[in-house]
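Structural description and commentary
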Amino acid sequence: MAGTATAWSNWAGNQHSIATAILRPATLDAVTEAVRNAAAAGERIRVVGSGHSFTPIAVADGRRIELTSLATDVRVDRDRRLVTVPAGMTLHTLNALLARHGLALPNLGDIDAQTVAGAISTGTHGTGAGYGCLSTFVTALTLVTGTGEVLRCSADEQPDVFAAARVGLGALGVLVEVTLRCVDAFVLRAHERPAPLDSVLAELPTLIDGHDHVEFYWFPYTARVQVKTNDRVPADDRPLPRWRGWLDDDFLANTVFAGACRLGRAVPALAPTISAVSARALTERTYTGRSDTVFCTPRRVRFVEMEYALPRAALPTALDALRRIVDGLPFKVLFPVEVRFTAADDIWLSHGYGRESAYVAIHQYVGMPYEPYFRAFEQVATDLGGRPHWGKLHYRDAASLATAYPRFADFLAVRDRLDPDRLFTNPHLDRILG
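Cut-offs used in this document
- All residue numbers refer to position in the chain's written sequence, counted from 1.
- It should be noted that, the model being predicted, local features are given only for residues of pLDDT at least 70 and side-chain atom pairs only at 80 or more, the latter also being counted only at that level, while totals for whole chains, interfaces and linings use all residues.
- Computation of side-chain values covers all heavy atoms of the structure but excludes hydrogens and water.
- Secondary structure is summarised from DSSP: a helix means a run of H or I of at least four residues, a strand means a run of E of at least two, and numbering begins at the N terminus for each.
- Every radius of gyration here is taken over C-alpha atoms, with the globule rule written as 2.2 Å times N^0.38, N being the number of residues.
- Residue exposure (1.4 Å probe, protein chains only): buried if accessible area is under 20% of the type maximum, exposed if over 50%, otherwise partly exposed.
- Contacts are residue-level and defined by heavy atoms, with any inter-residue pair within 4.5 Å sufficient.
- The Shrake-Rupley method, run with a 1.4 Å probe, gives the accessible areas here. Residue values count only the displayed protein chains as cover.
- Just so you know, the count uses Lys and Arg for positive and Asp and Glu for negative, and it drops His and the chain ends.
- Charge placement uses NZ in Lys and CZ in Arg. For Asp and Glu, CG and CD serve respectively.
- Pairing between two strands requires that DSSP report at least two bridges joining them.
- Axes, fitted as lines to C-alpha atoms, cover a helix only where it is in contact. Angles between the N-to-C directions of the axes lie from 0 to 180 degrees.
- Only rings of Phe, Tyr and Trp enter the pairing, Trp through its six-membered ring, and a pair is recorded when the two centres are within 6.5 Å. The plane angle decides the type: under 30 degrees is stacked, over 60 is edge-to-face, the rest tilted.
- Placement of a charge over a ring requires the Lys NZ or Arg CZ to be within 6 Å of the ring centre, with the centre-to-atom vector within 35 degrees of the ring normal.
- The cut-offs work like this: below 35 degrees is roughly parallel, past 145 is roughly antiparallel, 65 to 115 is roughly perpendicular, and the gaps in between are oblique.
- Left-handed is the label given to a crossing in which the near helix is rotated counterclockwise from the far helix by less than a right angle, and right-handed is the label when the rotation is clockwise.
- Gly counts as polar in this scheme, as do all residues outside two lists: the nonpolar Ala, Val, Leu, Ile, Met, Phe, Trp, Tyr, Cys and Pro, and the charged Asp, Glu, Lys and Arg.
- Note that the arc is computed from the directions linking the helix axis to the C-beta atoms.
- What makes a patch is a set of residues exposed beyond 30% relative accessible area and free of salt bridges, joined within 9 Å when like-charged and within 5 Å when nonpolar (Val, Leu, Ile, Met, Phe, Trp, Tyr).
- The working definition used for a salt bridge is a side-chain nitrogen of Lys or Arg within 4 Å of a carboxyl oxygen of Asp or Glu.

Remarks on the overall build of the protein
- Secondary structure summary: the protein contains 14 helices and 20 strands in total.
- Taking 22 Å as the expected radius of gyration for a compact globule of 434 residues, we find that the protein reaches 21 Å, a close match to that expectation.
- In terms of principal-axis extent, the alpha carbons of the protein reach across some 60 × 50 × 40 Å.
- Residues classed as buried in the protein amount to 57% of the 434 residues present.
- In the protein, the share of contacts with a sequence separation of at least 24, taken over all contacts with a separation of at least 6, comes to 75%.
- As presented, the protein carries roughly 16900 Å² of accessible surface, and 54% of it is formed by carbon and sulfur atoms.
- Side-chain charges of the protein comprise 45 positive and 47 negative groups, with the mean position of each set lying 4 Å from the other.

Given below as structure tokens:
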């Protein structure tokens, strides 16, 4: 159950920790025992997933739990379109499992490396005006609380815990099992095209309403974006040729882009030219594919990221301010800005709680300065009522976040009940939850 290597770092390499012990429980009873033993020893215990959060949310300064060995029963109810899986299962494995049963998640983000628990605990989302974050697909979950109690909750059973734990930040307990609402497997038609930013903003309401999923990428120092729409279609009749997929998604988007970023880091003055060339290099293409293979693409170029969910009407104001911020920085920005859209939901700490959102994600290549860039945009986003993504870098604290989330106090009350001794906290949670 216990391992030896206690050093850990996240995918981006900007967060590190050394735990006092690393635990890999294989059963629910072993998880309960691990929690009770940590409490008896007066040590904190923290769950770590795939390391795809940029914040220190997963940093464990006490004992660390990894759920890769946890083997709860996988249950697929094809007729009701429900699947129950171990919380430590990755989205990649889940997508393959669902495909074998003729099912799929209704929506996904653009990577599938996260664990189910990590994805829902931080509010991971995709894009689409009719869809909330991935946590909105959760119909039930099981967690081990700070007192060692095993709680099963849903909208009908422990509904307050359910409203809190679907985006729980790992602060309420150890998620061990999750039941997800699925849909019949479906095919997406993707259409990607370059366009002027101003024209995309002008047609945005029509664009969002006219497609199942819409996102775009703005290239700093230019007035150009790359727009991607995904729509459900009855047949996979236009698959992307293997060579084209390799050329666009592997070679250009990863190998060539990594080289361009290294060049921009070495010679920052070239960044505007690199951005302009990147914007022109992405051509129009249309293709079809199984939903998860269209939603998710490989990401091998390392970066750090901040993302804010804004009231949708605030997007043009935010982008105007962001363009001025980028132009005024004492250093250059090498990554495009990603914009996505989600529906409102009722999950207490979901970024989309009670409102339709536009998400603005800003990135910077590893090894490049980023904090002044991120802090400047955060001020703009905060003034517009923005809520930071829990897995992306931000500088907010509990007092600031309490004004952004109407049910913040309710979440803290559930936390007080489930983890009264703060067994699952770490310095980051101390800052953002108090």
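Let us keep going from here.
Some points on the sheet that holds strand β9 (residues 138–144)
- If you trace the 5 strands from one edge of the open sheet to the other, you get β6-β7-β11-β9-β10, paired in antiparallel fashion. Unpaired on one side and paired on the other, β6 (75–77) and β10 (150–154) mark the two borders of the sheet. Direction aside, the axes of adjacent strands within the sheet are offset by 15° on average.
- Of the strands in this sheet, β7 (82–86) and β11 (174–181) are in contact with helix α2 (residues 91–100), which crosses β7 at around 145°.

Topic: the sheet that holds strand β3 (residues 21–23)
- Taking strand neighbours across the sheet as the criterion, the 3 strands line up as β3-β5-β4 in an open arrangement whose pairing is parallel. Each having just a single partner strand, β3 and β4 (45–48) make up the two edges of the open sheet. When the angles between neighbouring strand axes are averaged without regard to direction, this sheet yields 30°.
- Sheet topology places β4 next to strand β5 (residues 63–66); 4 bridges connect them, and they run parallel. Each bridged residue has a counterpart across the sheet, and for V48 the counterpart in β5 is E66.
- Sitting on the sheet, helix α1 (residues 28–41) is in contact with β3, β4 and β5, with an inclination near 175° to β5.

Section: the packing of aromatic side chains
- Throughout the structure, instances matching the rule amount to 10 aromatic pairs.
- A ring pair is formed by F186 and F295, whose centres lie 6.5 Å apart and whose planes are at 75°; its orientation type is edge-to-face. Remark: F295 occurs in helix α9 (residues 291–295) and F186 occurs in the loop between β12 (183–184) and β13 (187–196); sequence separation between them is 109 residues. Grouping residues by exposure puts F186 and F295 together as buried.
- A ring pair is formed by Y308 and F377, whose centres lie 6.3 Å apart and whose planes are at 85°; its orientation type is edge-to-face. In this pair, Y308 is assigned in strand β17 (residues 303–311) and F377 in helix α11 (residues 371–383), connecting sequence segments 69 residues apart. Each member of the pair, Y308 as well as F377, is classed as buried.
- One aromatic cluster is present, built from ring pairs that chain together W11, F54, F257, F303 and F335.
- Stacked on the ring of F186, the Lys or Arg R232 has its end atom at 3.8 Å from the ring centre.
- Taking the ring centre of Y395 as reference, the NZ or CZ of R375 above it sits at 3.9 Å.

Regarding the packing of helix α10 (residues 315–328) against α11
- Relative orientation of the contacting elements α10 and α11 amounts to 155°, with a least axis distance of 10 Å. The angle between α10 and α11 falls in the class roughly antiparallel. Considering only the axes of α10 and α11, their crossing is right-handed. Across the interface between the two elements, A318, A321, L322, I325 and V326 of α10 pack against Y373, A376, F377 and V380 of α11.
- Here the contact of α10 with α11 is built from residues that sort into 9 nonpolar, no polar and no charged.

Quick notes on helix α8 (residues 271–281)
- Every buried residue of α8 is accounted for by A271, I274, S275, S278 and A279. Buried residues of α8, viewed axially, fall in a sector of 135°; they line one side. In α8, those exposed residues whose orientation departs by more than 90 degrees from the buried face are V277 and R280.

Digging into the pairing of β11
- Counting buried positions over the 8 residues of β11 gives 7, a clear majority of the element.
- By the bridge criterion, 6 bridges tie β9 to β11 in an arrangement that is antiparallel. Across the sheet, the residue bridging to V144 is V174, located in β11.

Structural notes on a nonpolar patch on the surface
- A surface patch of nonpolar side chains, amounting to about 210 Å² of accessible area, comprises L263, V267 and L270.
- Within the fold, L270 resides in the loop between α7 (242–266) and α8.

Describing unusual backbone geometry
- Phi at Q158 is positive, roughly 55°, even though this residue is not glycine.
- Structurally, Q158 is set in the loop between β10 and α4 (159–165).
- Even without being glycine, R422 reaches a positive phi, approximately 55°.
- Assignment of secondary structure puts R422 in the loop between α13 (408–418) and α14 (427–433).
- Accessibility expressed as a relative area gives 25% for R422, which makes it partly exposed.

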